[in-house]
Number of protein chains: 4
Amino acid sequence: MRIGFLGLGQMGAAIAQHLVGKGHDLAVWNRSADKARPFAERGAAVAASPRDAAARSDVVFTMLADDAALKAVVMGKDGLAAGLAKNAVHVSLSTIAVATGDELADLHAHNGQRFISAPVFGRPDVAAAGALSIVVGGDPACLDELRPVFALFGKRVFHIGARPSSANLVKLCGNFAILSAVETMGEAMALAEKGGVPKAKVLEVMTGTLFDAPVYRNYGAMLVEDRYRPAGFAAPLGLKDMRLVGQAAETNRVAMPFLSVLRDHLLETIAKEGEDIDWAAIGLTIAKNSGIG
Amino acid sequence: MRIGFLGLGQMGAAIAQHLVGKGHDLAVWNRSADKARPFAERGAAVAASPRDAAARSDVVFTMLADDAALKAVVMGKDGLAAGLAKNAVHVSLSTIAVATGDELADLHAHNGQRFISAPVFGRPDVAAAGALSIVVGGDPACLDELRPVFALFGKRVFHIGARPSSANLVKLCGNFAILSAVETMGEAMALAEKGGVPKAKVLEVMTGTLFDAPVYRNYGAMLVEDRYRPAGFAAPLGLKDMRLVGQAAETNRVAMPFLSVLRDHLLETIAKEGEDIDWAAIGLTIAKNSGIG
Amino acid sequence: MRIGFLGLGQMGAAIAQHLVGKGHDLAVWNRSADKARPFAERGAAVAASPRDAAARSDVVFTMLADDAALKAVVMGKDGLAAGLAKNAVHVSLSTIAVATGDELADLHAHNGQRFISAPVFGRPDVAAAGALSIVVGGDPACLDELRPVFALFGKRVFHIGARPSSANLVKLCGNFAILSAVETMGEAMALAEKGGVPKAKVLEVMTGTLFDAPVYRNYGAMLVEDRYRPAGFAAPLGLKDMRLVGQAAETNRVAMPFLSVLRDHLLETIAKEGEDIDWAAIGLTIAKNSGIG
Amino acid sequence: MRIGFLGLGQMGAAIAQHLVGKGHDLAVWNRSADKARPFAERGAAVAASPRDAAARSDVVFTMLADDAALKAVVMGKDGLAAGLAKNAVHVSLSTIAVATGDELADLHAHNGQRFISAPVFGRPDVAAAGALSIVVGGDPACLDELRPVFALFGKRVFHIGARPSSANLVKLCGNFAILSAVETMGEAMALAEKGGVPKAKVLEVMTGTLFDAPVYRNYGAMLVEDRYRPAGFAAPLGLKDMRLVGQAAETNRVAMPFLSVLRDHLLETIAKEGEDIDWAAIGLTIAKNSGIG
């Protein structure tokens, strides 16, 4: 299969490396070209533009930082959409707004191209291990064609629905649930600590009983160790995701008071701790607000 | 060992049955005596009063519905404390206020008796299976003496600290975290459903990725199936627990905005759905508030 | 009329002074006797106990710090209730729980005594000026008998209902509304200030348009000047009042999310600023949480 | 003075009528031309486009429904900016985003034109009475030139700062404070009503004491009478305004938990009651959530 890959940041590079040397024809592109070099050394073609990459490919993956960056790569004279052949597929791996997912679906349908939205769960280390969870929205037949490629970097695929943006909605729900779990632990730990119980005890009991899941083990350890820098996922990015959840909630007329607390705590955290702290540092804000530290 | 057991409600009976026929001398007591009969048939003595049961025992367990019921059984002329020998142990299994745990610790210390607070995680079916998680506060040497008895009905024991009420604090944190997980799923599912994605899909992705834990599987299924009656744990009991968390938070000067949302949603649920609905029905309230159903 | 007055703290003394030298027979009592001396010098009798004061009076006013202090003065061997004649009246001026209002109503009814709950709006300076607003619950005929006395220290009387505690409920609603107005100004001012607009401008526009009321003028000035010490009304007292509102809300099954925010902000303020700060300092907390100061 | 007026909706028409027959040269424009006819009959010129109106004027007022409508009228080939002479003034009366205020300021500065942002407080009946409050951001000298014109339809002018968008920020704060007052009354009234006290009593006490201001009298009457249709200001418009407050809060990193409650309650109200209800109907939602009605 001829595959294009646009966006070689931390996540993109970790995914794209699984596509090299597997018998596919790979063409990569990145805004700053130096990120493409390691792929060139391993035999990938380096495309001159998103359009160029798309023109060489049956399937083009995009992994961009946000909605604006993705649209910039897709649209315009040198964009992906201008190069992609009829019936070829654009697979967007980014966490984007539901509205953006719908917009891209319309654009590609209008061009006779196919579109799959496939945001992923997993930090860069999981991507490096080829063990991402892939949440897919789009035509199921198209997904079936892609399964062998998804298998190269993902360990599980969830098909949500025929509408591509349905996957974006579920991915946003997931990020909301992650930060909710962090807030929950943060509040419980602050209460325990001020009541004389080490916060590690709270985590031990939680993960030892009903809460034996990665989200509690991984983020719980960060809270127990107050380990928020360097940021694995910076608070302003978390705020951006929560804003996207909020936009979907507003469009769909759904009140989400937990989401409201999370947005307020992210704002507070950024205002007091700076823009470069991990989004899990809402736990630090909760602790400080209770007079700890 | 001579063991007393006070309180043979749904949870108490499920625990106490594991203490019969294991070579211990068991004396049981319940406010309404008919609940004691099955135990008498299996060889347990039926005590005339909490005081009587305590007088016959080295260790007395209590499993009462709330703080008031527990205090009524412990204090007074015919109470547990009046009958318990010096150095004998009272083990309270109930979910009670931190302040009540402290009060009982003081009372027993004043009497030269020992006190262990050991609230448990697990619904009645888990208790019936002898698989509860036991959260223990109190003297570690005393706990060591009790481990063989705890092993009869619990599969894990967590020692929190030397202060008995430390276990009550952690247990309350746990119940708070459970209801937080329910709220989180409820909000995510309402958003998904109004956005055209079945709520079962949200649960499938969550439990298939970072949220693979019993709290999500069990409560998630209730939310997906709208299964809130008969109540496994009624909303007013959940409200009582959240009030106890709130009291601890107020005493310790800890702001807990998630807790605030949970209390408000429980109140709303009880106001609109009645007193006999499961506490997980905050998910129903969230759905209805978004215009579903 | 023979009048008793129990509780000569800041508010009580400011009220009681208006009852001296107006042709009534006044008997005063205070837990620490020195507070009664200035009244003795002006001709009032100093009672030996609440019971003694009540025995000398047709009407006994109480102005105590909280529910516990009030109950301690009313009940017991030397309490007000033990001394008050049949058909004589107890007028409680304190801000107390609805449940306490009901409890006292039952007690006095059982004794054949009359009971009026009459909490007041106004800080000590307003009391000193004889300009309090009096919110009355109880029998309207009884209220009519008392109007000439109320007129000595109040400028307005609101009759809420025949049930004495109805006045307590409305008074608690009022205190909730005051703190809500403070929170509203605090959030608006923090937003304005971080956006480059002096907070005094926000207040000027508010009080110059739709918000031309004492609650905005008075508390607004405190927020603009960051004037929170010495406390006119300390944050822990405010927290106590909000807890009483919360108890009434829980009893009546009413979700009050604004109340939840206020409780959390009071807890945060006390945790970070100390117990001796004015309740309006939730405005300081809001500002600090946004990175100001 | 040669005056242009763009946007003759309910508010715009009510303002513009005060500019007719006062010795000024008035040119009006509205997207649907029939709204301009009554002004033509009274001697105003009807402009062919925003550009045409601007070309005939020293000062052009705009009163459009939202940010998008305003930008559409200002920008483009036939837009206001294309017609306005150097040094002529654009006065925007709409409630718009802070960011939009900044954008327009930049645009006009770039063109050598002057820009004043002057959102107003007051519903259409106040506008009809010529009694609006005008909140002004922009050059004070420019404001001084305009004062005689502002005096024709406003009774008070507040100058906020030299940056035009500073007025938009304060106007948004004001709308936030209005809805906060509604929520406060709604919660207090629901508590009172479920506690047996008519909600009118709460309002009587509030407006009779510390809350004697138009916002309580006017909105309080709506809540007491459950008068939410036809909408004076529809809930989706209120939601739009709260979204603009939220955007400013996010940009400035300010946590506003009251705002969060308001947004959630507006969403809930729209989801359950429909899009055509007044924004004050959050009071209805609060009541229903407590089981009333």
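Anything mentioned here points back to the structure above.
Here's a quick rundown of the structure.

Cut-offs and rules
Residues numbered from 1 in each chain as written. Chains lettered and ligands numbered in written order. Predicted model: local features only at pLDDT ≥ 70, side-chain atom pairs only at ≥ 80, totals over all residues. Heavy atoms only, no water. Helix = DSSP H or I, 4+ residues; strand = E, 2+ residues; numbered from the N terminus. Contact = heavy atoms within 4.5 Å. Polar contact = N/O pair within 3.5 Å; in protein donor to acceptor, adjacent residues only side chain to side chain. Least-squares fit on C-alpha atoms with pLDDT ≥ 70 in both. Expected span 1.5 Å × (residues − 1). Buried area = accessible area lost by both parts, 1.4 Å probe. Salt bridge = Lys/Arg side-chain N within 4 Å of Asp/Glu carboxyl O. Nonpolar A, V, L, I, M, F, W, Y, C, P; charged D, E, K, R; others polar. Phe/Tyr/Trp six-rings, centres within 6.5 Å; stacked < 30°, edge-to-face > 60°. Buried < 20%, exposed > 50% of the residue type's maximum accessible area, 1.4 Å probe, protein only. Lys NZ or Arg CZ within 6 Å of the ring centre and 35° of its normal. Arc of directions from axis to C-beta. Axes fitted to C-alpha atoms, helices over the stretch in contact; angles between N-to-C directions. Parallel < 35°, antiparallel > 145°, perpendicular 65-115°, else oblique. Left-handed = near helix turned anticlockwise from the far one by under 90°.

### Quick notes on the environment of Asp276(A)
Residue and element names in this part refer to chain A. Along the polypeptide, Asp276 turns up in the loop between helix H13 (257-273) and helix H14 (282-289). Sequence spacing of Asp276 and Pro214 is 62 residues, and the spatial spacing of their C-alpha atoms is 24 Å. Other than its neighbours up to four places away in sequence, Asp276 contacts Arg229 and Ala231. Polar side-chain contacts of Asp276 include one of 3.1 Å to the side chain of Arg229.

### Comments concerning the relation of the copies chain A and chain B
At an RMSD of 0.0 Å, chain A and chain B line up after a rotation of 180° and a shift of 0.0 Å along the axis. Such a combination of turn and shift is consistent with a two-fold rotation axis. Across chain A, the rotation axis passes nearest the C-alpha of Ala213(A), at a separation of 2.6 Å. Of the residues that chain A buries at the interface, 100% are likewise interface residues in chain B, meaning the two copies contact each other through the same surface.

### Things to note about helix H9 (residues 165-194) of chain D
Between the first and last C-alpha of H9(D) there are 44 Å, a value that for 30 residues agrees with the 44 Å anticipated at 1.5 Å per step. Once H9(D) ends, the next one or two residues include Gly196(D), with phi positive near 95°.

### A closer look at the interface of chain A and chain B
If you look at the interface, chain A gives 55 residues, while chain B gives 55 residues. In total, chain A and chain B occlude about 4800 Å² of area from one another, counting both sides; carbon and sulfur atoms represent 76% of this. Ranking the residues of chain A by area buried against chain B places Leu191(A), Leu210(A) and Phe258(A) at the top, with a combined share of 16%. The interface formed by chain A and chain B holds zero salt bridges in total. Our count for the contact surface shared by chain A and chain B stands at eleven residue pairs in polar contact (both at pLDDT 80 or more). Going through the elements one at a time, strand S8 (132-137), strand S9 (154-161), helix H9 (165-194), helix H10 (199-208), helix H11 (214-225), helix H12 (235-252) and H13 of chain A are the ones with two or more residues in the side of chain A that touches chain B. The biggest single contributor to the side of chain A that touches chain B is H9(A), with 18 residues. Class assignment for the residues of the side of chain A that touches chain B results in 34 nonpolar, twelve polar and nine charged.

### Brief notes about the relation of the copies chain D and chain B
Note on the identical chains: chain D maps onto chain B by a rotation of 180° and an axial translation of 0.0 Å, with an RMSD of 0.0 Å. The residues that chain D uses at the interface reappear at the interface of chain B in 100% of cases, marking a shared surface.

### What to know about the interface of chain D and chain B
A common way to express how large an interface is: the accessible area buried when the components associate. Contact with chain D, which involves eight residues of that partner, is made by eight residues of chain B. Across the chain D/chain B interface, buried area totals approximately 490 Å², and carbon plus sulfur atoms make up 52% of it. The tally of links from chain D across to chain B stands at four residue pairs in polar contact (both at pLDDT 80 or more). Only helix H13 (257-273) and helix H14 (282-289) of chain D provide two or more residues apiece to the side of chain D that touches chain B. No other element matches the three residues that H13(D) contributes to the side of chain D that touches chain B. A per-class count over the side of chain D that touches chain B returns one nonpolar, three polar and four charged.

### Describing the packing of aromatic side chains
For the structure shown, the criterion picks out 32 aromatic pairs over all chains. Each ring, one from Phe150(B) and one from Phe153(B), has its centre 6.0 Å from the other, and the planes form 85°; the classification is edge-to-face. Taken as a pair, Phe150(B) and Phe153(B) lie in helix H8 (residues 140-153) at a separation of three residues, close to a single helical turn. Both residues of the pair, Phe150(B) and Phe153(B), count as buried. An aromatic cluster of at least three residues, connected via ring pairs, comprises Phe5(A), Phe61(A), Phe150(A) and Phe153(A). A cation over an aromatic ring shows up here: Lys171(A) above the ring of Phe121(A), its NZ or CZ 4.3 Å from the ring centre.

### A closer look at helix H6 (residues 98-111) of chain D
Residue and element names in this part refer to chain D. Its 14 residues give H6 an end-to-end C-alpha distance of 20 Å, which sits within 8% of 20 Å, the value for a rise of 1.5 Å per residue. Where H6 is concerned, the buried positions are Val98, Thr100, Gly101, Leu104, Ala105 and His108. Looking down the long axis of H6, one finds its buried residues gathered within 160° of arc, a one-sided arrangement. Set apart from the buried face of H6 by more than 90 degrees, the exposed residues are Ala99, Asp106 and His110.

### Quick notes on the packing of helix H9 (residues 164-194) of chain B against helix H11 (residues 214-225) of chain B
All names here are of chain B. Running from N to C, H9 and H11 cross one another at 45°; their axes reach a closest spacing of 10 Å. Classed by the angle they form, the pair H9 and H11 counts as oblique. In this structure, the crossing between H9 and H11 has a hand that is right-handed. In contact with Ile178, Ala181, Val182, Met185, Gly186 and Met189 of H9, H11 contributes Val215, Tyr216, Tyr219, Gly220, Leu223 and Val224. For the contact of H9 with H11, the per-class residue count stands at ten nonpolar, two polar and no charged.

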